[in-house]
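# Structural characterization, general
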Amino acid sequence: MRLEGKAVLVTGASRGIGREVALELAREGANVAINYAGSEAKAAEVAEEIKTMGREAIVIQADVSNPEAVDAMVKETIEVFGKLDILVNNAGITKDNLLMRMKESDWDDVININLKGVFLCTKAVTRQMMKQRCGRIINISSIVGVSGNAGQANYVAAKAGVIGLTKTTAKELATRGITVNAVAPGFITTDMTDKLNDDTKAEMLKQIPLGKLGEPSDVAKTVAFLASEDSRYMTGQTLHVDGGMVM
Amino acid sequence: MAEVLERVTKIIVDRLGVDEGQVTLEASFKDDLGADSLDVVELVMELEDEFNTEISDDDAEKIATVGDAVNYINSKM
């Protein structure tokens with residue numbers, strides 16, 4: 001186990017990739033704060049599963065685009081665990097449409113959750129991690145933030161923004177022993193990709209050299225590596241977990 | 001006043017690794033005491049803890065010298 005006794009906050013951890021990240025970090029020995037926006041029952045399930053592993057788990061409802069809610073969430077996590085070692089910025093939504101048909105509100109909603117949310121959560125944990133002189137921040141970007149993707153202007157802009165934010169945060173916090181890295185998943189089987197139609201999925205498979213969709217655990221294991229001491233000499237990087245889609 | 005200066009000085013000496021003699025009211029954190037931007041942010045955080053007060057981001061940006069910090073804290077006490 002590489003994360004024994006570490007205190008972790010995972011945003012958007014009730015479902016999909018975030019859920020698997022929370023579980024994987026707990027398997028590595030961490031105590032986990034599970035943030036969710038709306039899926040209370042599912043967040044509670046994740047917490048129960050973590051508790052059966054003998055770790056501590058708490059669930060915290062918070063909209064990551066709301067600064068007060070984010071500050072309260074981080075405060076509660078630190079109060080319960082006495083510290084905060086690892087933040088995983090995973091919460092995200094999609095509101096896909098062609099640029100010409102995209103509503104301004106769809107743009108704002110996705111940027112607010114997927115990009116501003118990362119900024120707010122990172123800002124909120126920085127004080128604690130600076131005091132500790134150590135910390136790990138792991139941002140979940142997306143491979144489309146590197147390659148672009150028709151029909152996802154808002155999502156792609158946010159995810160590309162996360163990569164830039166990762167690099168800047170890494171540079172600002174490096175001298176305080178805090179590393180900041182991103183993971184860019186390709187097509188992973190989650191509720192989010194289940195919404196795609198069959199033609200889109202077939203098209204996607206053609207682009208993946210490894211010939212299959214990824215699993216949430218593929219992403220979670222990469223996050224666990226970045227959260228652990230094994231990655232101590234890496235910061236500001238974006239790791240592609242995409243079956244070779246983008247090289 | 002003297003007591004505030006003493007406590008502020010101790011924090012600065014600990015944090016920035018400077019000699020006590022360098023910590024004058026006129027000394028600028030960045031220009032005279034070798035602090036970078038992040039050092040100043042951390043000093044403000046420590047002052048908040050030491051004096052059990054909250055310093056807003058706007059106010060924190062105005063703190064450039066040791067005297068600024070001491071005056072700010074005195075104004076809050």
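As the structure is a computational prediction, the values presented were derived from the model and not from experiment.

Reading the values: rules and limits
Residues numbered from 1 in each chain as written. Chains lettered and ligands numbered in written order. Predicted model: local features only at pLDDT ≥ 70, side-chain atom pairs only at ≥ 80, totals over all residues. Heavy atoms only, no water. Contact = heavy atoms within 4.5 Å. Buried area = accessible area lost by both parts, 1.4 Å probe. Salt bridge = Lys/Arg side-chain N within 4 Å of Asp/Glu carboxyl O. Polar contact = N/O pair within 3.5 Å; in protein donor to acceptor, adjacent residues only side chain to side chain. Helix = DSSP H or I, 4+ residues; strand = E, 2+ residues; numbered from the N terminus. Axes fitted to C-alpha atoms, helices over the stretch in contact; angles between N-to-C directions. Parallel < 35°, antiparallel > 145°, perpendicular 65-115°, else oblique. Left-handed = near helix turned anticlockwise from the far one by under 90°. Nonpolar A, V, L, I, M, F, W, Y, C, P; charged D, E, K, R; others polar. UniProt positions renumbered as here; feature names shortened; annotations may be inferred. Buried < 20%, exposed > 50% of the residue type's maximum accessible area, 1.4 Å probe, protein only.

Tallying the contact residues gives 8 residues for chain A and 9 residues for chain B. Here chain A and chain B share an interface that buries about 730 Å² over both sides, 44% of which is from carbon and sulfur atoms. Three residues, Arg 127, Met 130 and Arg 176 of chain A, lead the burial of chain A against chain B; their summed loss comes to 63% of the area buried on that side. Where chain A touches chain B, the interface holds 7 salt bridges. One can count 6 residue pairs in polar contact (both at pLDDT 80 or more) joining chain A with chain B. Here the element with the most residues in the side of chain A that touches chain B is helix α4 (residues 104-132) of chain A; it accounts for 4 residues.

Here we take up the packing of helix α1 (residues 2-16) of chain B against helix α2 (residues 37-50) of chain B. Helix-helix packing is described using two parameters, namely the angle between the two axes and the distance between the axes. Residue and element names in this part refer to chain B. Interaxial distance between α1 and α2 falls to 10 Å at its minimum, and their mutual angle equals 140 degrees. The pairing of α1 with α2 is recorded here as oblique in orientation. Judged by the sense of rotation from one axis to the other, the crossing of α1 with α2 is right-handed. Residues Arg 7, Val 8, Ile 11, Ile 12, Arg 15 and Leu 16 of α1 form the contact with α2, whose own contacting residues are Asp 39, Glu 42, Leu 43, Glu 46, Leu 47 and Glu 50. Taken together, the residues of the contact of α1 with α2 break down into 6 nonpolar, no polar and 6 charged.

Attention shifts here to the UniProt feature "binding site: NADP(+)" (unreviewed entry) in chain A. Residue and element names in this part refer to chain A. Per the UniProt record, "binding site: NADP(+)" (unreviewed entry) is found at Gly 12, Ala 13, Ser 14, Arg 15, Asn 90, Tyr 155, Val 156, Ala 157, Ala 158, Lys 159 and Ile 188. Separation in sequence by 177 residues is matched in space for these annotated residues, since their most distant C-alpha atoms are 24.4 Å apart. Within the secondary structure, Ser 14 sits in the loop between β1 (7-10) and α1 (16-27). Ignoring sequence-local partners within four residues, the contact set of Ser 14 consists of Arg 19, Ile 34, Asn 35, Tyr 36, Ser 39, Lys 42, Ala 43 and Val 46. Note that Arg 15 resides in the loop between β1 and α1. Residue Arg 15 is classed as partly exposed on the basis of its relative accessible area of 42%. Once you skip the residues sitting within four places of it in the chain, Arg 15 turns out to touch Ser 39, Lys 42 and Asp 191.

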